[in-house]
Amino acid sequence: MSRVVRVALCQDNLPVGDLAGNVRQLQARVDVAREHGADLVVFPELSITGYPPEDLLLKPGFVKEASSALRELAAGVTDITALVGYPEVDGDGTTLHNSAAVLCDGRVAATYRKHYLPNYAVFDERRYFAAGNEATVVDLDGCRIGLTVCEDIWVAGGPAEWAAVDGQAELVVNLSASPYHMGKGEEREQLFAARCSDYRCFLAFCNAVGGQDELVFDGHSLVIGPDGTVLARGKQFEQDLVVVDLDLDAASAHRATDARWNDQTETTASGRVTVVHAAQPSVPRTKAKPTPKPPAPKLSLPALLSPDTEVYHALTLGTADYVRKNGFRGTVLGLSGGIDSALALTIAADALGPESVTAVSMPSQFTADMNRDDARQLANNLGVTLLELPIEDLAASYDATLAGPFSGTEPDVAEENLQARIRGNLLMALSNKFGWLVLTTGNKSEMSVGYATLYGDMAGGFAILKDVFKTRVFRLARWRNRDGEVIPQRIIDKPPTAELRDHQLDTDSLPPYDDLDGILEAYVEHDESPAEIEARGFDAETVWRVLALVDGAEYKRRQAPPGVRISTRAFGKDRRLPITNRYRPR
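Anyway, here's the lowdown on the structure attached to this text. Predicted model, so just to flag it, every value in this text is computed and none were measured.

What about the sheet that holds strand β8 (residues 171-176)?
And then number 1: With respect to topology, seven strands assemble into an open sheet ordered β13-β12-β9-β8-β7-β6-β15, the strand pairing being mixed. Strands with a single pairing partner mark the edges of an open sheet, and in this sheet they are β13 (230-233) and β15 (273-277). In this sheet, neighbouring strand axes are inclined to one another by 20 degrees on average, regardless of whether the strands run parallel or antiparallel.
And then number 2: On top of the sheet, helix α4 (residues 159-166) reaches β6 (135-140), β7 (143-149), β8 and β15; it is set at about 45 degrees to β6, its chief contact.

Regarding helix α9 (residues 339-352)
And then number 1: Here α9 contains 14 residues, and its C-alpha end-to-end distance of 20 Å stays within 8% of the 20 Å for a straight helix at 1.5 Å per residue.
And then number 2: Counted residue by residue, α9 has 13 buried out of 14 residues, so it is predominantly covered.
And then number 3: Just downstream of α9, Gly353 is the residue with a positive phi angle, here 90 degrees.

Here's the deal with the nonpolar core
And then number 1: Membership of the largest hydrophobic core comes to 48 residues, with the highest contact counts inside it found for Leu315, Leu345 and Leu465.
And then number 2: For this core, the element with the highest residue contribution is α9, accounting for ten residues.
And then number 3: Formed by 40 residues, the second largest nonpolar core is a distinct cluster that contains Leu70, Val77, Phe129 and Val243.

Overview of the packing of aromatic side chains
And then number 1: By the definition in use, this model includes nine aromatic pairs.
And then number 2: Between Tyr312 and Trp479 the ring centres are 4.8 Å apart and the planes differ by 40 degrees, which places this aromatic pair in the tilted class. A residue pair is termed long-range when its members are at least 10 positions apart, and Tyr312 in helix α8 (residues 307-325) and Trp479 in helix α14 (residues 470-480) qualify at 167 residues.
And then number 3: Trp479 gets classed as buried once you look at its relative accessible area, which sits at 13%.
And then number 4: Measuring from centroid to centroid gives 4.3 Å for Tyr322 and Phe462, while their planes differ by 25 degrees, and the two rings are stacked. One end of the pair, Tyr322, is in helix α8; the other, Phe462, is in strand β20 (residues 462-463), and 140 residues separate them in sequence. We note that Tyr322, like Phe462, is buried.
And then number 5: A connected cluster of aromatic rings, assembled from ring pairs, spans Trp154, Phe192 and Phe205.
And then number 6: The lysine or arginine in question, Lys444, covers the ring of Phe571, its NZ or CZ lying 5.8 Å from the ring centre.
And then number 7: Its guanidinium or amino end placed over the ring of Trp479, Arg482 lies 3.7 Å from that ring's centre, counting from NZ or CZ.

Calculation criteria
- Residues numbered from 1 in each chain as written.
- Predicted model: local features only at pLDDT ≥ 70, side-chain atom pairs only at ≥ 80, totals over all residues.
- Heavy atoms only, no water.
- Pairing = 2+ DSSP bridges.
- Helix = DSSP H or I, 4+ residues; strand = E, 2+ residues; numbered from the N terminus.
- Axes fitted to C-alpha atoms, helices over the stretch in contact; angles between N-to-C directions.
- Contact = heavy atoms within 4.5 Å.
- Expected span 1.5 Å × (residues − 1).
- Buried < 20%, exposed > 50% of the residue type's maximum accessible area, 1.4 Å probe, protein only.
- Core = buried A, V, L, I, M, F, W, Y, C linked by side-chain atoms within 4.5 Å.
- Phe/Tyr/Trp six-rings, centres within 6.5 Å; stacked < 30°, edge-to-face > 60°.
- Lys NZ or Arg CZ within 6 Å of the ring centre and 35° of its normal.

Dropping the structure here:
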């Protein structure tokens, strides 16, 4: 008789800190999984608290309430086994673990403690957690299931191998909160397939979905077979429920010629593996398991999104969740008629709906009629409200006020930046009056070299394009127009300009963006030396000039609002350089 286990993977959007709301959502998912006839339902890493809870974990009251929330959830888990992530306090009351709880029969039957704690890029888990040192295998009616949490499956060996080899688990489950960056999906599938082939086991990977501050979790839960074949795939950037039947005898067949399993004559595990039996309930069941089970679910295998598609989805999801989870009633941004504000407005409208977005055109004496017309056309295409607040008189008033202190000097960047700061003031006034979040529109190229005005165009609460280089801004605008023009083509085609003086172009101050972005990617994202960057074919003088601009703008970036992370090295948690810093590469 075959040993088939029906697994339900619930990739859910679970807000950080919403303990009561998360328990309600998890319980509802448990009920749905039970209706599907699932034997095992799996949730993401730290699903009780949301991920990452950061320094909330240093609050004893928060951790205590999370434990109470887990017990509340456990009480409603009957006729099914659930795997739920939560922060577990050790017996000493002071040590904290990133754990997966095994819930069945209305109780917490066992826990597994995450072994590999990431402490790089955006991760700070060693700040909060102690590492576990054992594997946990759940015996579910003769089906052996190994437990892991996130990083445990990314690192070869360790709990995944202990569970599969020593504990003879035919299925390894991974509770995960794996944040998105460009290309992460393919990277995951290739690495996880290699793990399955090596351990001759099935893998059920359940990932979180949703935006949390700068991070975006893309879902993309996976079920992979013992031969490395992807059997099921959750949707990207959406909540999803993936239900799949797994015949664990298929894993046994793959192990038939492997000495690692043939040399073992018993199914008992070594000292580093704990086996937990998820037995039949010891108390009367509140709801009988459906007999017979519902029909086997169809395998879900949607195609992976293209690179530009996934980036756009990440930006919209990150923006939508930041605005909604923080309780803002709407958003507002400055619309210049240029490419950056055009793309930012389009993403905001797609993320939140046009009724939740207000665009503000703030023309000065240097604003071309073409840009005012393009701004109106874009707002009309998107269906968003457009306000027009001219700033020419305000700028003249500022100039008059400063005429004395500025006497005897020539107009320069000081007068130019006054215009940007006037615009920032107007947007913040609208924010204060109507409770709108100000969205800034600057891109990663500008933020890298400081080509932005502090308290001007940098003023705001969320920076949609903060991690998007200028060259990708153009690509995303073209991608958004793939089914018909939304962003007027003239906005995409015309040379970028800040329009703070007559006949100004970005290239007056910066190298061409193709060159600039290539240098920035090498220096900011890969920490390459000037010599290495020059070896890529870039002009030496340009390289040194760009690096000097990057190093000199750290104080500005530290004051910039958060924004969606789409790369492996975003400004913020990824890249933490001192502001006061005399080191310069030789």
